[in-house]
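The residues making up each chain are set out below.
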Amino acid sequence: MDCMDPTRAFVKDVKRVIVKVGTAVVTRADGRLALGRLGALCEQIKELNSRGYEVILVTSGAVGVGRQRLRYRRLVNSSFADLQKPQVELDGKACASVGQSGLMALYDALFSQDSSGIFWDNDSLAALLALELKADLLVLLSDVEGLYSGPPSDPHSKLIHTYIKEKHQGEITFGDKSRVGRGGMTAKVKAAVYAAYAGIPVVITSGFATDNIIKALQGERVGTLFHQDAHLWTPLKEVGARDMAVAARDCSRRLQGLTSQDRRKILLDIADALEANENLIKVENEADVAAAQQAGYEKSLISRLALKAGKISSLAKSIRVLANMDDPIGKVLKKTELADGMILEKTSSPLGVLLIVFESRPDALVQIASLAIRSGNGLLLKGGKEAKRSNAILHKVITEAILDTVGEKLIGLVTSREEIPDLLKLDDVIDLVIPRGSNKLVSQIKSSTKIPVLGHADGICHVYVDKSANMDMAKKIVLDAKIDYPAACNAMETLLVHKDLVKTGGLNDLIVELRTEGVTLYGGPRASTLLNITEAPTFHHEYNSMACTVEIVDDVLAAIDHIHRHGSAHTDCIIAEEREVAEIFLQKVDSAAVFHNASTRFCDGARFGLGAEVGISTSRIHARGPVGVEGLLTTRWILRGSGQVVDGDKGVIYTHKDLPLQS
């Protein structure tokens, strides 16, 4: 089961379901059947039947049998099993249910309420059926996502995830009803309120999505929920973006007020909790991986998603390393005597509240959370949907470990993509955004916020093999940079080779090694012709897989020029024995990390001794390269005086004398 919203935990006990689908859902704009949506609907009902659910489908006669009218025979005390017998009449003829599955089509129940017990539309019919058949859940499918706080044309209109009559009744403005059918959203809300008040939970959601019924029964937060106890769910109410960010800030200030030892203990508790819950974490992660494989995700994404053997222990170890580092908060960086009796200190200080948006890698959640705690920052996390279960269990384990000290709201987990635009507007509460993911993700975030953004869009890392290289060393480094973890952002994507190595056979040796390991090779204009390999459509490409581009260059300066034109300023490496050539490369390549005779895979917070990293920054402001604790800190000034006033600077004799930090 996918990550369950706390307000929808009741679905675990649901067995009997009524699904109502209107004409607008299963017909196209021209009035013809939308066969794709109809097929998806049938597939979902079939899947629910196979899982043991009892389902009744209430649909429109405009779809099945024309604009006929049905008469609903009251089914007092009827069970789902009773519905294997005809229960509805069409112009005097009984309509039988479909098979033994308990699925039944009730066509076009469009009538006015009167003394014979006939109700006013299909939505109210479905609500009445739910009551009289003692259903556990009613799903009303619509042509919109659910109930909104305003018209769809209003950019400030938001989806209401849980309807609370006392809160929402006066806020909602109903627009026009759909192009077909009779009820519209007004009728759906009336039917939903009627059923929920009588004890039947109701979800109004879009019938255009291919899996919303399944998602509703998995407890996911789709559509709008109506529940008789919704007004009692104060602790579980939907938390707005601002409320979440403010709560994280308040908790971060509480964290900063703790002693260094108390903050250290929090990290050690988290490390212990991760190891204690390793089996549970593994189960949830394996479910995410299986779902991603079934959905046909790329192998590189699945590789990043999987928490491989030993990963939890490795994460716990890195957290303990962080815990045992010097406390970074409140460290005096500079001390100055401004005047007699006036001492100014420049000290390290947390940034405040961080928003981290990341894809695929659930281990990133642990690294980021531990770094945020060590640096005294509040944190909001939004992971990719493919890692939903892994992120949820990791977040739960971590927040339970900090509950009694600083409060679980120090680290907020954003579960809906819809909340991201609202969070990106909170430049008065959120201090830094760090996107970890695709070029598209980073670019979208940078263009959508005034909040400073730290990160990198691409990891196009180069290894340049100079003519002076030790070829045995070169083969080891090139292979490691490419195959150690091909999906990583610090993996080699382009191999540049000095032209003289073509004649000496060095290039051929490297190509043989890569091909033997199963690496697919693409070439630049020179290499593709010489090696008879497919030409790469562009040099600016991040494969994240067992593939790379190869090109031949004239010398180190040509290699540097290539890197500047086609690289991403992430990590670049030279393999050379001539020190002068190596120094030219190290000094002139303008990347966040530049290496000599070492694999690009070393560009990593843990390997740099930072304990962990929130990401690798290719920005040139604030932090660059692997960003650990120091990259999540800023500075503030503390001045201790003895009654001085400025008074036009007449009463103060400035000394501006640097003092030892320990004095």
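Keep in mind it's a predicted model, so treat the numbers as computed, not measured. (Residues numbered from 1 in each chain as written. Predicted model: local features only at pLDDT ≥ 70, side-chain atom pairs only at ≥ 80, totals over all residues. Heavy atoms only, no water.)

A. Representation of the overall build of the protein chain in the model. The secondary structure content of the protein chain amounts to 22 helices and 26 strands. Here the protein chain, with 663 residues, has 51% of them falling under the buried criterion. Of the contacts made within the protein chain by residues no fewer than 6 positions apart, 72% connect residues no fewer than 24 positions apart. When the accessible surface of the protein chain is split by element, carbon and sulfur atoms take 50% of a total near 30,600 Å². (Helix = DSSP H or I, 4+ residues; strand = E, 2+ residues; numbered from the N terminus. Buried < 20%, exposed > 50% of the residue type's maximum accessible area, 1.4 Å probe, protein only. Contact = heavy atoms within 4.5 Å. Areas by Shrake-Rupley, 256 points an atom, 1.4 Å probe, with all protein chains shown as cover.)

B. Layout of unusual backbone geometry. Even without being a glycine, K134 presents a positive backbone phi close to 55 degrees. Counting through the fold element by element, K134 comes out in the loop between helix 4 (122–132) and strand 7 (137–142). We classify K134 as exposed; its relative accessible area is 55%. Positive phi, normally seen in glycine, also occurs at N597, with a value near 55 degrees. Relative to the assigned elements, N597 resides in the loop between strand 22 (593–596) and strand 23 (615–617).

C. Region of the structure containing the packing of aromatic side chains. Tallied over the full model, the rule gives four aromatic pairs. Centre to centre, the rings of Y522 and Y543 are 5.6 Å apart; their planes meet at 10 degrees, and the pair counts as stacked. Of this pair, Y522 sits in strand 19 (residues 520–523) while Y543 sits in the loop between helix 20 (525–531) and strand 20 (547–553), placing them 21 residues apart in sequence. Over the face of the ring belonging to Y53 we find K15, whose NZ or CZ atom lies 6.0 Å from the ring centre. (Phe/Tyr/Trp six-rings, centres within 6.5 Å; stacked < 30°, edge-to-face > 60°. Lys NZ or Arg CZ within 6 Å of the ring centre and 35° of its normal.)

D. Highlighting the pairing of strand 18 (residues 492–498). In terms of burial, strand 18 is largely enclosed, as seven of its seven residues are buried. Relative to strand 18, strand 17 (residues 461–465) runs parallel, the two sharing five bridges. Each residue of the ladder has a partner; that of V465, found in strand 18, is V497. Note on the crossover from strand 17 through helix 17 (residues 471–483) to strand 18: the handedness is right-handed. (Pairing = 2+ DSSP bridges. Right-handed = clockwise from strand over helix to strand, strands pointing away.)

E. Region of the structure containing the side chain of S528. Within the secondary structure layout, S528 lies in helix 20. Only 3.3 Å separates the side chain of S528 from the backbone oxygen of P525, close enough to count as a polar contact. In contact with S528, not counting residues within four places along its chain, are G523, I533, T534 and E535. (Polar contact = N/O pair within 3.5 Å; in protein donor to acceptor, adjacent residues only side chain to side chain.)

F. The confidence of the model for the protein chain, seen in detail. Considering every residue of the protein chain, the mean pLDDT works out to 84; 85% of them sit at 70 or more. The model gives residues 174–182 a pLDDT under 50, and that stretch makes 20 contacts with residues more than four places away or in other chains. Long-range and interchain partners of residues 234–238, a stretch whose pLDDT sits below 50, account for six contacts in this model, where long-range means more than four residues apart. (pLDDT = per-residue confidence, 0-100.)

G. Looking closely at the state of the cysteines. All told, the structure shown has zero disulfides when counted by the stated rule. The thiol of C489 is not disulfide-bonded; the next cysteine sulfur, from C461, is found 6.7 Å away. Of the residues examined, C489 reaches a relative accessible area of 22% and is grouped as partly exposed. (Disulfide = S-S within 2.5 Å.)

H. Representation of the environment of G240. Position of G240 among the secondary structure elements: in the loop between strand 10 (224–226) and helix 8 (241–256). Residue G240 is classed as partly exposed on the basis of its relative accessible area, which comes to 30%. Sequence-wise, G240 and L423 are 183 residues apart; in three dimensions their C-alpha atoms are separated by 9.2 Å.

I. Main features of the sheet that holds strand 13 (residues 353–358). The parallel open sheet is built from four strands, whose spatial order is 15-14-13-16. Taken across any chain shown, the strands that pair with only one partner, and hence form the sheet edges, are strand 15 (411–413) and strand 16 (432–436). Strand-to-strand twist of the sheet, defined as the mean angle between neighbouring strand axes without regard to direction, takes the value 15 degrees. Here strand 14 (residues 378–382) runs beside strand 15; their pairing, made up of three bridges, is parallel. (Axes fitted to C-alpha atoms, helices over the stretch in contact; angles between N-to-C directions.)

J. Representation of the nonpolar core in the model. Judged by nonpolar contacts, the single largest core of 48 residues is most densely connected at L274, I373, L379, L381 and I411. Considering each element in turn, this core owes the most residues, eight residues, to helix 13 (residues 362–375). Beyond its immediate stretch of four places on either side in the chain, L381 contacts I356, F358, L365, I368, I411, G412, L413 and V414. (Core = buried A, V, L, I, M, F, W, Y, C linked by side-chain atoms within 4.5 Å.)

K. Up close: the pairing of strand 17. Taken across its five residues, strand 17 has five buried, putting it largely inside the fold. Residue alternation in strand 17 divides its side chains into two sets, C461, V463 and V465 and H462 and Y464, and both sets are buried. For strand 17 and strand 21 (residues 571–575), the ladder comprises four bridges, and the chain directions are parallel. Following the sheet pairing, Y464 is matched in strand 21 by I574.

L. Fine view of the environment of D427. Relative to the helices and strands, D427 resides in the loop between helix 15 (419–424) and strand 16. Look at D427 and you get partly exposed, because its relative accessible area is 43%. C-alpha of D427 to C-alpha of K450: the two residues are 23 residues apart in sequence and 6.3 Å apart in space. With near-sequence residues (within four places) excluded, D427 lies in contact with K450 and I451.

M. The arrangement of the sheet that holds strand 17 in detail. Spatial strand order, 19-20-18-17-21-22: six strands in an open sheet with parallel pairing. For this open sheet the edge positions go to strand 19 and strand 22, each flanked by a neighbour on one side alone. Between one strand axis and the next, the sheet turns through 20 degrees on average, direction left out of account. Helix 22 (residues 579–588) rests against strand 17, strand 21 and strand 22 of the sheet, and its axis sits at about 170 degrees to strand 22.

N. Representation of helix 8 in the model. For helix 8, which comprises 16 residues, the first-to-last C-alpha distance of 23 Å matches the rise-based estimate of 22 Å (1.5 Å per residue) to within 8%. Here helix 8 has its buried residues at A241, M244, A245, A247, A248, C251, S252 and L255. Buried residues of helix 8 fall within an arc of 160 degrees about the axis and therefore sit on the same side. On its buried face, helix 8 sits against helix 9 (260–276), strand 13, helix 13, strand 14, strand 15 and helix 15. (Expected span 1.5 Å × (residues − 1). Arc of directions from axis to C-beta.)

O. Geometry of empty space enclosed by the protein. Counting across every chain of the model gives two cavities of 30 Å³ or more. Estimated volume of the largest cavity: approximately 50 Å³. Contributing to the lining of the largest cavity are R37, A40, L41, Q44, L141, S206, G207, A209, N212 and I213. Contributions of two or more residues to the lining of the largest cavity are made by helix 2 (35–50) and helix 7 (212–217). With four residues, the single largest contributor to the lining of the largest cavity is helix 2. In the lining of the largest cavity, the residues fall into five nonpolar, four polar and one charged. Shared between two domains, the lining of the largest cavity holds at least three residues of each, these being domain 1 (14–112) and domain 2 (122–226). (1 Å grid on protein atoms, 1.4 Å probe; cavity = no way out; pocket = protein on both sides within 12 Å on 5 of 7 lines; lining within 4 Å. Points joined across faces, edges and corners; volume = space filled by probe spheres on them. Nonpolar A, V, L, I, M, F, W, Y, C, P; charged D, E, K, R; others polar. Domains from an automatic or database assignment.)

P. How the structure looks around the environment of G378. Inspection of the secondary structure puts G378 in strand 14. Every residue in contact with G378, bar those within four places of it in the chain, is listed here: A248, S252, G352, V353, L354 and L410.

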